[in-house]
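Chain residues, written in single-letter form:
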Amino acid sequence: MPPPSPPPPFGVLPRQTELSSGHRDFLDQHLGNHEDLHAKAPLLLTDLTTNLADLEASFLNLQRNLTKRTVSWISRSFGAKSSVSNLNIMLENLSLHTSKYEVCSRKIQTILGEELPQLAKCLKRIENIRRYVDTALQLEALVGDLEDAVYCIGDSHARNMFSAKFMTSLISTDFGPKQERLHRAIKLMNNIEDLLVDVVIFHPRWSQLLESVDIRVEKILAVVRPQVLADHRALLASLGWPPKLLKSTVDSGGIACLPNPLVLMEGDKRKYYSLSFIGLCALQHLQMRREDRQHNIFGRKECSMRLWAIDELVSPIASQVEYHFRKWAEQPEFMFALVYKITRDFIVGIDDVLQPLIDRARLVSYSAREAWVSAMIQMLSGFLAKVVSDLAEKYKEKHMKLEVISSWLHLIDHAVTFDKWMQSLVNSEIHFFLESERQDSRGLSVLMIFCDRPDWLKIWAKIELKNAWKKIKLELKDEKAWSTGKESGVDFQNSEESEQFLLITREDYKAPLVADSVLKITWEMIERCRTLPSIFSHIQFIKSTAGRFLWHFLNVLVLRCKNTEFLLDCPNDALIKVCGSINAARYVESKLQEWSDDVNFLEMRIAERDVIDGNGDLADNSSFFGEEIKSLLELETNWLLEIICFLLRHFEAHSCEYLQNKRYFEEEQENFTTNRITAAVDLAVSVDIIQALDAIKVQLNVLKSNLNPKDFLDLWRSVTDGLDQFISSSVFSSDIQFSGGGIDQFEADMQALFLVFQPFCVRPDVFFPCIRETIKLLKVCREQANHLQVVSSSSENGTKYLHSHGILHLSFEQVDKVLKKRKFGT
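In this text, all values refer to a predicted model and were calculated from it rather than measured experimentally. (Residues numbered from 1 in each chain as written. Predicted model: local features only at pLDDT ≥ 70, side-chain atom pairs only at ≥ 80, totals over all residues. Heavy atoms only, no water.)

K.L.:
Got a sec to walk through the overall build of the chain? Specific residues and values, please.
P.N.:
Within the chain, the secondary structure is distributed over 29 helices and zero strands. Residues counted as buried form 43% of the 826 residues belonging to the chain. Excluding contacts between residues fewer than 6 apart, the proportion of contacts in the chain whose partners are at least 24 apart in sequence is 77%. Accessible surface, the chain as shown: approximately 46200 Å² in total, 56% of it carbon and sulfur. (Helix = DSSP H or I, 4+ residues; strand = E, 2+ residues; numbered from the N terminus. Buried < 20%, exposed > 50% of the residue type's maximum accessible area, 1.4 Å probe, protein only. Contact = heavy atoms within 4.5 Å. Areas by Shrake-Rupley, 256 points an atom, 1.4 Å probe, with all protein chains shown as cover.)

Put into structure tokens, the structure is as follows:
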């Protein structure tokens, strides 16, 4: 192997073979010829020297930075190594004796994996015991203080601070201290309750501690509650509550204005009553806290309208009016009038005197007015329950049903009116409660007696339904009820009162008078149960009354349509009769849609769906009257189809010979008219189709006059579609060979058909696309017809070709059939 050639001496250029490809490319780029070598070489050498100096400086900087970072990393590494060594020494020191590394490692694993978790559990157990002991000691101290406050042992005069003997005189020197001890006892019980709530939330396993404290506190409350109530009643009696009712005045029906002792009390009486009222409110608030905690209800926002102090005002009134209520079992209007009179006369004093006391007791969201009205309604409901119970028993006896129905409806009429009176008393106060919150409104209706007795609610619904159907049956028997005007002079319960809820007029739908009566009766049944407190009772009642009533009326409409015979000789009466039923269904359906958008029905639908589906998902957009609306729509659709089918059958029956008579279409006439449109217009309509056109024109006019606009629009458009399909298919299936004159005659006949629908739209021919395209194909020349046949049978772009010639609704096969019907002259 020859030795490598020595490098060229300095200043001598290397050979080309000794240069790399990169060097050659670089030289070729900068030195293209000998002139460049002398001109550019010095400049190129200067640039390369400068770049080399910059690169060497950058390399030195990089080397210095790398050295600094390496030293820094080494120092940190030494620190980390030292920390690891210290940790290793600390772990080795955990061992009780010096051992080999493997033995020490196992010991450390045992300590960390077993001994430390056990130690943590023991510490946690000790901490729990400490907390339990601390809590038990705190509760023991509080309960002990409470027992000392209630049972003042060692004081013979105060062994029981709630003894009734201290209320023998209202101006007792012990009344003030008694109230102070009561408030102190209530404060202690609230402190106990605070601790018990923490126990329930954070230590639910301490059930025995909770039970033992509850037993002791309940024993104290068993002593406190009755004595506080007894003291409050004695205080009310000393104030002269309630004012006496004169039997003679009440029996005669004139109830004088009653004096209000709450407004008349002054001085010490007012002070003592205020203290007693606030103490009773505080005791009730404590009782509610205990019930919430025992039932795991924390942070309850809604509050009951019942107040013990208000109930104590109503209780003696109930004893007074019981005598009168017993005599008025068959005259409930007197009961309602008396209760409303008492409630209204005292409500101003309740607001002025008791509401400030409730505010002082810090009972948030409680209203004295609502509590007073609710308590009076509760009192009356107790007596009404006895009346309804007697009526329910009598209803089971057949011979008593008529009498019971009359008494029941009479009672409900006055109950509904009474609820409106009482709710007006509550609503006259400015408050921020939502009426839709049924929990808050449960005590504001005497109809609450039906919420807990579904059997009574069922009887009430049956009676309401029978009464409603009895009203409407009288109208259904009279054919004048199915007219749309008021010229008959018969009163069909279409009073101005019904217009309050009828936002869409009956005349817009051309509905018969009976439809208004049905809606009015339905709405009355809905309104009668408006004050039912339970939303589920509300739903059940409406479904059992208004819902079933609408189903009965739907059956009437269906039977009325089914009993109608469409006679070919005289169909107009039948059409008018069916139109009346369709209009009634359409009108009722629109009103049900409108009612369903009301917020009350939306709430009931949501509640109903929650019970059925178990969730409140609103994906299902069905309304409260969804089933009724669906059935009404089915009736409208089905009988509109029946009318459409009858019109088409009638047209077919009168025009069956039209396309069978070849002489109209095949006879050769003279040369084609230059103006084919004029020729078609000048021709007379074929005799065989005149009767069909006249009949359908008369029928459409009858339908336009008697059918609601929406359904009539759908009807005549469906009829045009049916006629278009019928006539065009008849042309396809016939064996007629259309001559030039026959085409003109056919076009003239179709123009007459289009004119039948001229009153309903500007361009009726648009609704007969198949007929228009058939005439267009029949009028093409021989060459174009041949071309269309060839293209439609062979070309892949035949559809585009037909569309370009305005043939959009006929298939290739139909186009071919039409073209074959054309007879060209020789």
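From this point on, the discussion continues.
K.L.:
Let's hear about the pattern of salt bridges: which residues, and what values?
P.N.:
Applying the stated criterion to the full structure yields 37 salt bridges. A salt bridge links Arg-586 to Glu-589, with the shortest nitrogen-to-oxygen separation between them at 3.2 Å. With Arg-586 and Glu-589 both in helix H18 (residues 572–596) and three residues apart, this pair spans about one turn of that helix. The pair Arg-586 / Glu-589 is uniform in exposure class, with both members buried. Notably, a salt bridge pairs Glu-636 with Arg-586, separated by 3.0 Å at the nearest N-O pair. Of this pair, Glu-636 sits in helix H20 (residues 626–654) while Arg-586 sits in helix H18; the two residues are 50 residues apart in sequence, bridging distant segments of the chain. It is possible to trace a salt-bridge network through shared partners that takes in Glu-193, Asp-214, Glu-218, Arg-225, Arg-290 and Arg-293. (Salt bridge = Lys/Arg side-chain N within 4 Å of Asp/Glu carboxyl O.)

K.L.:
Would you mind going over the nonpolar core in detail, with residue names and values included?
P.N.:
The tendency in soluble globular proteins is for nonpolar side chains to be buried side by side. Tyr-273, Leu-354, Trp-372, Trp-408, Phe-450 and Phe-746 are the most contacted members of the largest nonpolar core, which totals 214 residues. Per-element tally for this core: the top contributor is helix H12 (residues 368–395), with 16 residues. Residue contacts for Leu-354: discarding those within four places in its chain leaves Leu-262, Tyr-273, Phe-277, Ile-310, Leu-313, Gly-349 and Ala-368. (Core = buried A, V, L, I, M, F, W, Y, C linked by side-chain atoms within 4.5 Å.)

K.L.:
Provide a residue-level description of the environment of Ser-534, including the pertinent values.
P.N.:
Tracing the backbone shows Ser-534 in the loop between helix H16 (513–528) and helix H17 (535–562). Here the alpha-carbon distance between Ser-534 and Phe-450, two residues 84 residues apart in the chain, equals 9.2 Å.

K.L.:
Run through helix H25 (residues 740–756), naming residues and quoting values.
P.N.:
The terminal C-alpha atoms of H25, which comprises 17 residues, lie 25 Å apart, in line with the 24 Å expected from a rise of 1.5 Å per residue. When you tally the buried positions in H25, you get 15 out of 17 residues, the bulk of the element. (Expected span 1.5 Å × (residues − 1).)

K.L.:
Describe a positive patch on the surface, with residues and values.
P.N.:
On the surface, a cluster of positive charge is contributed by Lys-458, Lys-462, Lys-466 and Arg-548. Among the elements that line the positive patch, the one with the most residues is helix H15 (residues 454–476), at three residues. Here Arg-548 is to be found in helix H17. (Patch = residues over 30% accessible without salt bridge, like charges linked within 9 Å, V, L, I, M, F, W, Y side chains within 5 Å. Lys, Arg positive; Asp, Glu negative; His and termini not counted. Charge placed at Lys NZ, Arg CZ, Asp CG, Glu CD.)

K.L.:
Please set out the packing of helix H11 (residues 332–360) against H12 residue by residue, giving values where relevant.
P.N.:
Taken N-terminus to C-terminus, the directions of H11 and H12 make an angle of 150 degrees; their axes are 7 Å apart at the nearest point. Judged by the inter-axis angle, H11 sits roughly antiparallel to H12. Relative to H12, the crossing made by H11 is right-handed. Within the contact between the two elements, H11 uses Met-335, Phe-336, Val-339, Ile-342, Thr-343, Phe-346, Ile-347, Ile-350, Asp-351, Leu-354, Gln-355 and Ile-358 and H12 uses Ala-368, Arg-369, Trp-372, Val-373, Met-376, Met-379, Leu-380, Leu-384 and Val-387. Grouping the constituent residues of the contact of H11 with H12 by class yields 17 nonpolar, two polar and two charged. (Axes fitted to C-alpha atoms, helices over the stretch in contact; angles between N-to-C directions. Parallel < 35°, antiparallel > 145°, perpendicular 65-115°, else oblique. Left-handed = near helix turned anticlockwise from the far one by under 90°. Nonpolar A, V, L, I, M, F, W, Y, C, P; charged D, E, K, R; others polar.)

K.L.:
Explain the packing of aromatic side chains to me, using residue names and the numbers behind them.
P.N.:
Each aromatic ring pair is specified by the distance between its two centres and by the angle formed by the two planes. Counted by the stated rule, this structure contains 30 aromatic pairs. Centre to centre, the rings of Trp-241 and Phe-346 are 5.0 Å apart; their planes meet at 45 degrees, and the pair counts as tilted. You can see Trp-241 sitting in the loop between helix H6 (207–239) and helix H7 (247–251) and its partner Phe-346 sitting in helix H11, a full 105 residues away along the chain. Judged by its relative accessible area of 6%, Trp-241 falls in the buried class. Summarising the aromatic geometry, the rings of Phe-601 and Phe-625 are spaced 5.3 Å apart at their centres and angled 55 degrees between planes, so their arrangement reads as tilted. Remark: Phe-625 occurs in the loop between helix H19 (599–613) and H20 and Phe-601 occurs in helix H19; sequence separation between them is 24 residues. Taken together, the aromatic side chains of Phe-712, Trp-716, Phe-754, Phe-757, Phe-760, Phe-767 and Phe-768 make up a single cluster linked through ring pairs. Directly above the ring of Tyr-395 sits Lys-401, whose terminal nitrogen or CZ lies 4.9 Å from the centroid. Positioned over the ring face of Trp-482 is Arg-560, at 4.1 Å from the centre of the ring. (Phe/Tyr/Trp six-rings, centres within 6.5 Å; stacked < 30°, edge-to-face > 60°. Lys NZ or Arg CZ within 6 Å of the ring centre and 35° of its normal.)

K.L.:
Give me the lowdown on the confidence of the model for the chain, citing residues and values where you can.
P.N.:
Averaged over the chain, the pLDDT score is 80; the fraction of residues at 70 or greater is 78%. Residue range residues 670–681 is modelled with pLDDT below 50. Its contacts to residues more than four positions away, or to other chains, number 13 contacts. (pLDDT = per-residue confidence, 0-100.)

K.L.:
Describe unusual backbone geometry, naming the residues involved and giving the relevant values.
P.N.:
Residue Pro-242 is reached from Trp-241 by a cis peptide bond, and omega for that bond is 0 degrees. Positive phi, normally seen in glycine, also occurs at Arg-362, with a value near 60 degrees. Among the secondary structure elements, Arg-362 is positioned in the loop between H11 and H12. You can call Arg-362 exposed: its relative accessible area is 71%. For Lys-510, which is not a glycine, the phi torsion comes out positive at approximately 55 degrees. Among the secondary structure elements, Lys-510 is positioned in the loop between H15 and H16.

K.L.:
Account for the packing of H17 against H20, naming residues and giving values.
P.N.:
The contact between H17 and H20 brings their axes to 10 Å, and the two run at 10 degrees. As judged from the angle between their axes, H17 and H20 are roughly parallel. Facing H17, whose interface residues are Gly-547, Leu-550, Trp-551, Leu-554, Leu-557, Val-558, Cys-561 and Lys-562, H20 presents Glu-627, Glu-628, Ser-631, Leu-632, Leu-635 and Trp-639. Looking at the contact of H17 with H20 residue by residue, the class counts come to nine nonpolar, two polar and three charged.

K.L.:
Explain the environment of Leu-142 residue by residue, including any values.
P.N.:
Residue placement: Leu-142 occurs in helix H4 (residues 101–150). A residue is classified by how much of its surface remains accessible, and Leu-142, at 17% relative accessible area, is buried. When the C-alpha atoms of Leu-142 and Ala-185 are compared, they prove to be 9.8 Å apart, with 43 residues separating the residues in sequence.

K.L.:
Before we move on, can you summarise a nonpolar patch on the surface with the specific residues and values?
P.N.:
Taken together, the side chains of Leu-116, Leu-119, Leu-123 and Ile-126 define a hydrophobic patch exposed on the protein surface, amounting to about 380 Å² of accessible area. With respect to the helices and strands, the residue Leu-119 is situated in helix H4.

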